[in-house]
Amino acid sequence: MIESMHNIHLGKIEQLVIHYIGNKNCSDGVRLCDELSNYTNVEDTLNKLITSNFKFDELYQFHCFPDLELNPVYTIINAMFENTDIDSFINQSKNMGRYLYDKSNHPQIKAGELGVFYLTDCTVDDELVDCIGIFKSENKQKILKVEDKQTGYDLADIEGLSIQKLDKGCLIFNQHREQGYLVAVVDNTNRRAEAKYWTDDFLSIKPINNEYHRTTHIMETAKQFIAQSMDADDEASKSEKIGLLNRSVDYFKNNEQFDLQEFEQQVFAKDDLIRKYQDFSQNYAQENQLEPINNFDISPKAVKKQERYFKSVVKLDKNFHIYIHGGKDMIEKGRDGDGRKFYKIYYQEEN
């Protein structure tokens, strides 16, 4: 098992080649280049673009059933690490471009430039490793260029790649090869189902089963259970639902170790609700091909990221928002004689 590694530093770009990959559904075709791209004049900008876009909290690895060697990108990366000759690097990057084109068959997938680069002198937990990077640019940005003339200045617009945000990217560190390498990924355009082609169809990666992934998995399971099961229960009010969400977050914020039985008792309390959660959790794990989890170290970074998705506000028409941070016994819900709904809130002091 690959445990979490957060101490990662990127090195220097040694090689870069750029290809154009169209949409196969539209028969756009590809343009595969035969030589390395020149980036000397923009090296600092390119390095900053890469280092600022990748986070290393959640890491991934290549996978493929029944054999990892059947994953095309994984085999291409193997060949690149084994032979760092320039001609071999370019040829393997072309293979990657052809494969990406095969997977770009949804009508909504945008054509764009595929960049493949080689990084040296990277460190992963103080171990020196090489790294292969991939990015795809799908959305161009326009800037205004000031053109100097003898009589003054003119403005012209130029369209190009963003120097602040990668649309899609991937870093593969030459470590844990037999388990699918150590992979970091970014996908800033993954807003619809067709965008999954980058992580699922093209790369075929899955999260590494470390404490960050386990924490995320359990918090996501609890959130989905509360949202789906409680919504289906007519007796459950919004305040009760928010109380469960808050207790879930509080458990992860106040504990360093996760214990499943303790979590179920503290958050759901009632035996019937615990049984419903257990059934839901088992089905959720099977549907998402996740391993059962009973105990693990809680990742504070995962808790901080997930916490923002746990809503703690009741919206009443367009007039009132009630922020609830616990204390379900301090809230009553009812209906008056005229049929109007109301909340009654008890408190000790006004701040």
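So, how was this worked out
- For every chain, the first residue of the written sequence is number 1, and numbering continues from 1 onward in sequence order.
- Only residues with pLDDT of at least 70 are given local features in this predicted model, and only at 80 or more are side-chain atom pairs given and counted; all residues enter the totals for whole chains, interfaces and linings.
- As a rule here, side-chain values come from all non-hydrogen atoms in the structure, and water together with hydrogens is ignored.
- Going along the chain from the N terminus, every DSSP run of H or I of four or more residues is numbered as a helix, and every run of E of two or more is numbered as a strand.
- Note on classification: 1.4 Å probe, protein chains only; a residue is buried when its accessible area is under 20% of the maximum for its type, exposed when over 50%, partly exposed between these limits.
- Should any heavy atoms of two residues lie within 4.5 Å, those residues are counted as being in contact.
- For the accessible areas, the method is Shrake-Rupley and the probe is 1.4 Å, while residue cover comes only from the protein chains on display.
- Multiplying one less than the number of residues by 1.5 Å gives the expected span of a helix.
- In protein, a polar contact requires one atom able to donate a hydrogen and another able to accept it; more generally it is a pair of N or O atoms within 3.5 Å, and residues adjacent in sequence count only if both atoms are side-chain atoms.
- Here a pair means two rings of Phe, Tyr or Trp (six-membered ring of Trp) with centres within 6.5 Å. Their orientation is stacked below 30 degrees between planes, edge-to-face above 60, and tilted elsewhere.
- The definition used for a disulfide is geometric: two cysteine sulfur atoms within 2.5 Å.
- A pair of strands counts as paired when DSSP detects no fewer than two bridges linking them.
- Where helices are involved, their axes are fitted lines through C-alpha atoms of the stretch in contact, as for all axes, and angles between N-to-C directions lie from 0 to 180°.
- Roughly parallel means an angle under 35 degrees; roughly antiparallel means over 145; roughly perpendicular covers 65 to 115; every other angle is labelled oblique.
- Throughout, the ten residues Ala, Val, Leu, Ile, Met, Phe, Trp, Tyr, Cys and Pro are labelled nonpolar, Asp, Glu, Lys and Arg are labelled charged, and all others, Gly among them, are labelled polar.
- Residue-level confidence of the predictor is summarised by pLDDT, bounded by 0 at the bottom and 100 at the top.

Peer 1: Just checking my understanding: could you explain the overall build of the protein chain for this structure?
Peer 2: A count of helical and extended segments in the protein chain gives nine helices and 17 strands. Buried positions account for 43% of the 351 residues belonging to the protein chain. Contacts spanning at least 24 positions in sequence make up 67% of the contacts within the protein chain whose residues lie at least 6 apart. With the model as given, the accessible surface of the protein chain reaches about 20,600 Å², and the carbon-plus-sulfur share is 44%.

Peer 1: Sorry if this is basic, but what is going on with helix α3 (residues 86-103) here?
Peer 2: For α3, built from 18 residues, the straight-helix expectation of 26 Å at 1.5 Å per residue is met to within 8% by its first-to-last C-alpha distance of 26 Å. Residues Ser 88, Phe 89, Ile 90, Gln 92, Ser 93, Lys 94, Met 96, Gly 97, Tyr 99, Leu 100 and Tyr 101 constitute the buried set of α3. Among the structural elements, β2 (12-21), β3 (30-31), α2 (72-82), β5 (112-124), β6 (127-137) and α4 (198-203) are those in contact with the buried residues of α3. Its side-chain oxygen at 3.0 Å from the backbone nitrogen of Asp 87, Asp 85 defines the N-terminal cap of α3.

Peer 1: What is the right way to read the packing of aromatic side chains from this model?
Peer 2: The description of two aromatic rings rests on the distance between their centres and on the angle between their planes. Across all of its chains, the model carries 23 aromatic pairs by this definition. Between the aromatic rings of Phe 280 and Tyr 284, the centroid separation amounts to 6.1 Å while the plane-to-plane angle is 20°, which identifies the pairing as stacked. Taken together, the residues Phe 280 and Tyr 284, both in helix α8 (residues 271-287) and four residues apart, mark about one turn of the helix. The exposure class of Tyr 284 is buried, given its relative accessible area of 16%.

Peer 1: Looking at this structure, how should I read the state of the cysteines?
Peer 2: Disulfides are covalent bonds that link the sulfur atoms of two cysteine residues. With the rule as written, the count across this model stands at zero disulfides. Distance from the sulfur of Cys 131, which forms no disulfide, to the nearest cysteine sulfur (Cys 122) is 4.8 Å. For Cys 131, a relative accessible area of 0% corresponds to the buried category.

Peer 1: Is there a simple way to think about the pairing of strand β7 (residues 141-149) in this case?
Peer 2: Regular strands have side chains that alternate between both faces of the sheet. Taking burial as the measure, the nine residues of β7 include zero buried ones, a minor fraction of the element. Relative to strand β8 (residues 152-160), β7 runs antiparallel, the two being bridged by nine bridges. Of the residues in β8, the one forming a bridge with Leu 144 is Asp 157.

Peer 1: Would you explain the packing of α2 against α3 in this entry?
Peer 2: How two helices pack is summed up by the angle between their axes together with the distance between the axes. Two elements in contact, α2 and α3, have axes whose closest approach is 9 Å; the angle formed by their N-to-C orientations is 170°. Here α2 lies roughly antiparallel to α3, going by the angle between them. Counting all contacts with α2, which are made through Pro 72, Val 73, Ile 76, Ile 77, Ala 79 and Met 80, the residues of α3 involved are Phe 89, Gln 92, Ser 93, Asn 95, Met 96 and Tyr 99. Looking at the contact of α2 with α3 residue by residue, the class counts come to nine nonpolar, three polar and no charged.

Peer 1: It is not clear to me how the side chain of His 19 should be interpreted in this structure. Could you clarify?
Peer 2: Turning to its location among the elements, His 19 is positioned in strand β2. On the accessibility criterion, His 19 (1% relative accessible area) is buried. Polar contacts involving the side chain of His 19 include one to the main-chain amide nitrogen of Cys 33, which spans 2.9 Å. There is a polar contact of 2.9 Å between the side chain of His 19 and the side chain of Ser 93. Contacts of His 19, omitting those with residues within four sequence positions, involve Arg 31, Leu 32, Cys 33, Ser 93, Lys 94, Gly 112, Glu 113 and Leu 114.

Peer 1: What exactly am I supposed to notice about the environment of Arg 340 here?
Peer 2: Mapped onto the elements of the fold, Arg 340 is located in the loop between β16 (331-335) and β17 (341-345). Among the residues examined, Arg 340 registers a relative accessible area of 55% and is labelled exposed. For Arg 340, the residues in contact, after removing those within four places along its chain, are Gly 334 and Arg 335.

Peer 1: Is there a simple way to explain α2 in this structure?
Peer 2: Since the α-helix turns once every 3.6 residues, residues separated by three or four places project in the same direction. Burial analysis of α2 places eight of its 11 residues in the buried class, the great majority of the element. Along α2, the positions that sit buried rather than exposed are Val 73, Tyr 74, Ile 76, Ile 77, Asn 78, Ala 79, Met 80 and Phe 81. Those residues of α2 hidden inside the fold are in contact with β4 (60-62), α3, β5, β6, β9 (168-173) and α4.

Peer 1: What exactly am I supposed to notice about the confidence of the model for the protein chain here?
Peer 2: Low-pLDDT portions of the prediction should not be read for the details of their coordinates. Here the protein chain averages 85 in pLDDT, and 85% of its residues register 70 or above. Looking across the protein chain, the model is least confident in strand β14 (residues 313-316), with a mean pLDDT of 52, and most confident in α2, with 97.

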